[in-house]
There are 2 protein chains.
Amino acid sequence: MDLVVGIDIGGTKTKIGFVDQKGKCHEKLFFRTQEFEKFDEFLDKIKESIDELKARFEFPVNIIGCGIGAPNASSRTGTIENAANLKWKGSVPLLEKMKLRLNVPMRVMNDASAAALGEMLFGNAKGMTNFIVLTLGTGLGAGIVANGKLIKGYDGFAGELGHVGMTLGDGRLTGLGVRGGLEAYVSATGLKRTVLYMLSKYMDPSRFRDIAYSDLHGEDITKAAEEGDPIALKAFDYTANILGLAMANFTAFSQPEAFFLLGGLVNSGKWIIEPSKKYFEEYLLEVYKGKVKILTSGMEGKTAAICGAAALIWEEQ
Amino acid sequence: MDLVVGIDIGGTKTKIGFVDQKGKCHEKLFFRTQEFEKFDEFLDKIKESIDELKARFEFPVNIIGCGIGAPNASSRTGTIENAANLKWKGSVPLLEKMKLRLNVPMRVMNDASAAALGEMLFGNAKGMTNFIVLTLGTGLGAGIVANGKLIKGYDGFAGELGHVGMTLGDGRLTGLGVRGGLEAYVSATGLKRTVLYMLSKYMDPSRFRDIAYSDLHGEDITKAAEEGDPIALKAFDYTANILGLAMANFTAFSQPEAFFLLGGLVNSGKWIIEPSKKYFEEYLLEVYKGKVKILTSGMEGKTAAICGAAALIWEEQ
């Protein structure tokens, strides 16, 4: 059977799977990205994982290619550049070094752009020619499709919407030093920062007064919101508001038919996606109101990023 | 001689000209847009102007088409929708009504998108596949080209960058009610508003303490800056800063090779374009630094908008 290896390198987890032509992920495994101080050791682990997965199949597997999605990766150069949410700094030669380990056609792309391709090929964006995928994970990434094609930009680094400044001369810094940058607010990390901000601003009682920032996880905030914790509720509302404004701004740029929201934060959908729709409509220019959908991925939740990466190869077949 | 009628409907002036295949504007005239309360009378004036211009030629002229650029215009519907800087409100059937007056192939587009096509066909964007045109006039418009094609959006209303919110929950309102919207700061009108703001904030002496807002013109602010007026200097610096941040944000979206700045505000180039370059580089993500050019139009200044509109027809020949 012809299969593509899809690899999603995330700020927290790296996900690897074997994906068929219809976007079904047959075998997969995850490991923690941050355990590997050295990039070469990380790539060795990827190679081992591919061999391990291949051995699981009971029928012969033909790997026809390998697609890799990674934050701040360029499709043109095959490198990861100054990633805010990865340990390896500067310019990391991902494609070049991976080719030493796996001898198949290989493509690299910004993870969110890969997700957008996946959505178009396998998911809920089939037939759409104008849409935007936002990945709300450790950071915030974007894959933008206009006129039926992915916007790559002059140099392959388009879609860094996590680093759009949302404030004039004030606001939080992102990991890349952008003042008021979107991902400092709208991401798993941003939500945690907002919990601290709300604790500083209000005196409401909250379970979070007893938890240190380092011990705080996204799921805890969702759980607290479900139990009515006022700080959690305020934090979600604040995040949803900024997400709504950001999507209204992005609409003024390319007027997409839909936004697809992917990533860990989507698990708190009721607390963030739903209220962000209300804010979004409120902020939209009249001419756009009621025309732009906010959707979730049509690919199976845990393997969406893997299938997106695999789409880099499948779209060329 | 085959010629195209190019019409640019601006917030202040309407410009009409006859443009040849090489982008040369042969005959032109301007009149004030705001003198016409009724849209039909405005279109009658356009028709008269075309006849008047045609009569000026000493050789036979064959009008092969008519391209019209207008703020908030959709290429798909041929209408102008809720334009902030025009008198005619709601949905204005520009294409439909103009066709009653001139029986040639006709196309309508957002004025800044038309300018982008013109720049690609006749101007300084020849050969570029990723760039953004910003028109800094009464308002702020944008024409965005990615992958060699104009981004029109789902409904033809992409590129409304004047209405991107630059602040979180605070800031000036644009004419369309967008809080902290870019054109409330970066446009001829925005600059005038900033003069008021600086007069309110600082106690410096300034010629503008004796001039009412209604009597204030962009050229006066340039002249005052040249004479060292501290309020004018502060107003330009403030505007250039926000323009720099906005261009850095737009770069994160589509990573253009260049921005082209057009429109009245460009006449104050030394005071706004030059300092905006410094702020722009400062705000840019590391991965973009030193790669994005800020340029002016390659089309003749006063006829650039006309040639842009004419490009709507010429690009199809």
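Residues numbered from 1 in each chain as written. Chains lettered and ligands numbered in written order. Predicted model: local features only at pLDDT ≥ 70, side-chain atom pairs only at ≥ 80, totals over all residues.

Draft legend 1. Representation of the overall build of chain A within the structure. Secondary structure assignment for chain A yields eight helices and 12 strands. Taking 317 residues into account, the globule formula puts the C-alpha radius of gyration at 20 Å, and chain A, at 19 Å, falls close to it. Principal-axis analysis of the C-alpha atoms places the extent of chain A at approximately 60 × 45 × 35 Å. Within the span of chain A, comprising 317 residues, buried residues form 56% of the whole. Long-range pairs, those at least 24 residues apart, make up 67% of the contacts in chain A with a sequence separation of at least 6. (Helix = DSSP H or I, 4+ residues; strand = E, 2+ residues; numbered from the N terminus. Rg over C-alpha atoms; globule rule 2.2 N^0.38 Å. Buried ≥ 20, exposed ≤ 12 C-beta atoms within 10 Å, placed from the backbone. Contact = placed C-beta atoms within 7 Å.)

Draft legend 2. Examining the pairing of strand 3 (residues 25–32) of chain A more closely. Residue and element names in this part refer to chain A. In this sheet, strand 3 lies alongside strand 2 (residues 13–19) in antiparallel orientation, the contact comprising seven bridges. Bridging from a neighbouring strand, Phe18 pairs with Glu27 of strand 3. In textbook terms, the turn of a hairpin is the stretch between consecutive antiparallel strands, and for strand 2 and strand 3 this stretch comprises five residues, one of which, Gly23, has a positive phi near 90 degrees. (Pairing = 2+ DSSP bridges.)

Draft legend 3. Just the environment of Trp271 of chain A, in detail. Residue and element names in this part refer to chain A. Take Trp271: it is sitting in helix 7 (residues 269–283). On a C-alpha basis, the gap between Trp271 and Tyr202 in space is 20 Å, while along the polypeptide they are 69 residues apart. What Trp271 contacts, discounting residues up to four positions off in sequence, is Thr222, Ala225 and Phe236.

Draft legend 4. The arrangement of the packing of helix 3 (residues 111–121) of chain A against helix 8 (residues 304–314) of chain A in detail. All names here are of chain A. The N-to-C vectors of helix 3 and helix 8 enclose an angle of 80 degrees; their axes lie 7 Å apart at closest approach. Considered as vectors, helix 3 and helix 8 are oriented roughly perpendicular to each other. Of the residues in helix 8, those touching helix 3 at Asp111, Ala114, Ala115, Leu117, Gly118 and Leu121 are Ala304, Ala305, Cys307, Gly308, Ala309, Ala311, Leu312 and Trp314. Classifying every residue of the contact of helix 3 with helix 8 by side-chain character gives 11 nonpolar, two polar and one charged. (Axes fitted to C-alpha atoms, helices over the stretch in contact; angles between N-to-C directions. Parallel < 35°, antiparallel > 145°, perpendicular 65-115°, else oblique. Nonpolar A, V, L, I, M, F, W, Y, C, P; charged D, E, K, R; others polar.)

Draft legend 5. Here's a closer look at the interface of chain A and chain B. Every contact between the two is made by 40 residues of chain A and, on the other side, 40 residues of chain B. Breaking the side of chain A that touches chain B down by element, the ones donating at least two residues are strand 9 (140–146) and helix 6 (230–254) of chain A. It is helix 6 of chain A that provides the largest number of residues to the side of chain A that touches chain B, a total of seven residues. Taken together, the residues that form the side of chain A that touches chain B break down as 22 nonpolar, 11 polar and seven charged.

Draft legend 6. Spatial organisation of the environment of Lys149 of chain A. As for its placement among the helices and strands, Lys149 of chain A is situated in strand 10 (residues 149–150). Residues Lys149 of chain A and Leu117 of chain A, spaced 32 residues apart in sequence, show a C-alpha to C-alpha distance of 9.1 Å.

Draft legend 7. Main features of the relation of the copies chain A and chain B. You can overlay chain A on chain B at an RMSD of 0.0 Å; the transform is a turn of 180 degrees with a shift of 0.0 Å along its axis. The superposition of one copy onto the other is thereby described by a two-fold rotation axis. Among all C-alpha atoms of chain A, that of Thr167 of chain A lies closest to the rotation axis, at 2.2 Å. Both copies present the same face, since 100% of the interface residues in chain A are matched by interface residues at the equivalent positions in chain B. (Least-squares fit on C-alpha atoms with pLDDT ≥ 70 in both.)

Draft legend 8. Just the sheet that holds strand 2 (residues 13–19) of chain B, in detail. All names here are of chain B. Read from one edge to the other, the open sheet built from five strands follows the order 3-2-1-4-7, with strand pairing classed as mixed. Since the sheet does not close on itself, it has two edges, and those belong to strand 3 (25–32) and strand 7 (106–110), each with one partner. Between one strand and the next, the sheet's axes are offset by a mean angle of 15 degrees, whatever the strand orientation. Docked against the sheet, helix 3 (residues 111–122) engages strand 1 (2–9), strand 4 (62–70) and strand 7, running at close to 110 degrees with respect to strand 7.

Draft legend 9. Just the sheet that holds strand 3 of chain A, in detail. Residue and element names in this part refer to chain A. With mixed pairing, five strands are arranged side by side in an open sheet as 3-2-1-4-7. This sheet does not close on itself; its edge strands, each paired only once, are strand 3 and strand 7 (106–110). Across the sheet, the mean angle separating the axes of adjacent strands is 15 degrees when strand polarity is ignored. Helix 3 rests against strand 1 (2–9), strand 4 (62–70) and strand 7 of the sheet, and its axis sits at about 110 degrees to strand 7.

Draft legend 10. Molecular detail of helix 7 of chain A. Given a rise of 1.5 Å per residue, 15 residues ought to cover 21 Å, and the 20 Å separating the end C-alpha atoms of helix 7 of chain A matches this to within 8%. On its buried face, helix 7 of chain A sits against helix 5 (218–226), helix 6, strand 11 (258–262) and strand 12 (293–296) of chain A. (Expected span 1.5 Å × (residues − 1).)

Draft legend 11. Summary view of the pairing of strand 7 of chain B. All names here are of chain B. Taken across its five residues, strand 7 has four buried, putting it largely inside the fold. Looking at chain direction, strand 4 and strand 7 are connected through five bridges and run parallel. By the bridge assignment, Ile68 is partnered in strand 7 with Val108.

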